[in-house]
Every structure is written in C-alpha cells, then in structure tokens.
Amino acid sequence: MIDIHTHILHNCDDGSDCLELSIEHITNMIDKGVTDIVLTPHYMNSYVQTDAKVIDKQFKKLSEATADLKINLYKGGEIFLNPGVEDKIDKELCIGDTSYILVETNMSEFTPDIYEILFQLVRRGLRPILAHPERYNYIMNEPDIAEDFLHRNVYLQVNAGSILGFYGHKIAKTAWYLINNGFAHFIASDNHCKIDEYILPAAIEAIRDNIDDYTAELLTKINPQKMLNNEKIKYFYLKKQLIERKGFFEKILRKI
Ligand SMILES: [Fe+2]
C-alpha cells in the first residue's frame, strides 16, 4: 500500500519530533506492507508554520537515515489555502516530481476564496488533492459540496481515522458517504506519530468488509501509484445510474 499523507518528517510541524521516532514509524509501516510514503508537513497553516527550505533539509536527512530500508520516500507538503498562497507556492511543494499537491483549508467555515485559489492552482497546471474533506463542517452538513470539488478538478483524500470513527460519528458518516458515492480518490493515514498503531491497514480492512477488495486497492494502491507516476486520475469513476439501480458491487467502473 501507498500512504500519500503523513507528518512523519521530523521537526517540521506537529508530527514527528525526532529522527528516531520517524524511523520507528517508517519501520512499522514497512512491516505492515507500506511500499511508498509521501511526507507532507503543514505549510502556511496559521498554527503550524513550516519553511520549504526546512522541509527540503529534513527530507535529505531522513532519506539518508533510511537508505538501507525497503521504502520509497517522497517529499511534499500539506498546503493551507490562505488567500495569496497560490502566488507563493511552486513546484517544490508538489508531491515528488509530480503535479499533484496536497492542500487543506478552514475546517469550521466555508470561504468562497477556496474555489478561486484552487482555480488558480489548476490553471498553473497543478493537480490539487484536498485532504480530509469529511472533517470540514460544511461538507459534513452538505456532503454534496464534495462533488462540486470534483467538477473543479480537485481530488479528494479521506483519512483512515475518519473511516474508523476516530473523529466521531458525523465525520465517519461523511467519510463513508464520500467513498460510497465515488467522491474519494485516496485513503491515507495522516499519521502524526502520536499513536503507536498504524491505522491504514484497519481502514483497508473496513473498506474490504463494507464494500469490496477492489475499492480498497483503488484508494490505497492504484490511484496513489498513478499519482506518483504523474498520470491523470479520473475525477468521476462511478456511474450515478448504477449507484441508484444496483448494489455497490456493480457500481465500480472496472476500466479506469
Ligand atoms: Fe495532515
């Protein structure tokens, strides 16, 4: 499996606070079957500030320290969509050598600025992935706003902890709504190195149990691999008519 959203890069944000802890988590993830990890420290977030140069420096240190481990590490960031951020960020905050960029925004209230900022990023050839949309109040209250993001060329990444109910019932319900309706493109851990347990495998099992094996693989392996290859991923992959008429097993369009 591939994890596209983590705070394992040490001494950058509110995630890992030392190199040893980062290595411990990476080793645990390898044991659980992770092959590729994207390191996405918070960037431009008002309460956790990270400098792009610091991310670069720490990434080099962690890459050297894990050179003997069987893992592929990619540099990225979790960019907070403040007005004006579109002029400040550049390719170096994209994931690896791709055009994909992980973004987050205000969880409590919706600001129309988000659409304009995302539009500017898309116009510059970037492919934004919105982190944990199920945790945003306005999407919880009106989950179909999520579909609007897809129409605006924005991908959605659901957190493993949301699926498992770690953030409460309403967020779990929203997470499953997004997955069931084909609005989710990725599942990731958002691992902040605060708990020892690595939860992505449990989320994968929950998707296998409640939907099917293919959906679990699509969201944690097929789409993430396409992203790392900088291939385009389809925004819409379920047919609405099929969702309404048939069971979920028939909903997935197999030829993606
Ligand atoms: Fe995060």
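All of the points below concern the structure found in this document. Computed from a prediction, not measured in an experiment: that's the story for all the values here.

1. Some words on the state of the cysteines
Counted by the stated rule, this structure contains zero disulfides. Left without a disulfide partner, C12 is nearest to the cysteine sulfur of C193, which lies 11 Å away. Free cysteine: C193, not disulfide-bonded; nearest cysteine sulfur from C18 at 8.9 Å. We classify C193 as buried; its relative accessible area is 8%.

2. Here we look at the pattern of salt bridges
Scanning all chains against the criterion turns up five salt bridges. A salt bridge links D148 to R152; the shortest N-O distance between them is 3.6 Å. Note on D148: relative accessible area 28%, which makes it partly exposed. Note that D213 and R208 form a salt bridge whose closest N and O atoms lie 3.5 Å from each other. By sharing partners, the salt bridges in this structure join D56, K60 and K75 into a single network.

3. Regarding the sheet that holds strand β3 (residues 42-43)
Read from one edge of the open sheet, six strands run β3-β5-β6-β7-β8-β9, paired in parallel fashion. Two strands close off the open sheet at either side, each with one partner strand: β3 and β9 (186-188). Bridge count between strand β6 (residues 100-104) and strand β7 (residues 127-131): four bridges; the pairing is parallel. Across the sheet, residue I101 finds its bridge partner in β7, namely P128. Those strands touched by helix α10 (residues 213-228) are β6, β7 and β9, and its axis lies near 105 degrees from that of β9.

4. Side note on the side chain of Q58
Examined against the element boundaries, Q58 turns out to sit in helix α2 (residues 52-65). Leave out the neighbours within four places in its chain, and Q58 touches L9, H10, N11 and C12.

5. Concerning the sheet that holds strand β2 (residues 36-39)
Spatially, β1-β2-β4 is the arrangement adopted by the three strands of the open sheet, whose pairing is parallel. Pairing within the sheet leaves two strands with one partner each, and these edge strands are β1 (2-6) and β4 (72-75). Adjacent strand axes in the sheet meet at a mean angle of 20 degrees when their direction is disregarded. Both β1 and β2 contribute to a ladder of three bridges, which runs parallel. Pairing of T6 across the sheet is with L39, part of β2. In this fold α10 packs onto β1, β2 and β4, with an angle of close to 70 degrees to the strand it touches most, β1.

What counts, and where the lines are drawn
Residues numbered from 1 in each chain as written. Predicted model: local features only at pLDDT ≥ 70, side-chain atom pairs only at ≥ 80, totals over all residues. Heavy atoms only, no water. Disulfide = S-S within 2.5 Å. Buried < 20%, exposed > 50% of the residue type's maximum accessible area, 1.4 Å probe, protein only. Salt bridge = Lys/Arg side-chain N within 4 Å of Asp/Glu carboxyl O. Pairing = 2+ DSSP bridges. Helix = DSSP H or I, 4+ residues; strand = E, 2+ residues; numbered from the N terminus. Contact = heavy atoms within 4.5 Å. Axes fitted to C-alpha atoms, helices over the stretch in contact; angles between N-to-C directions.

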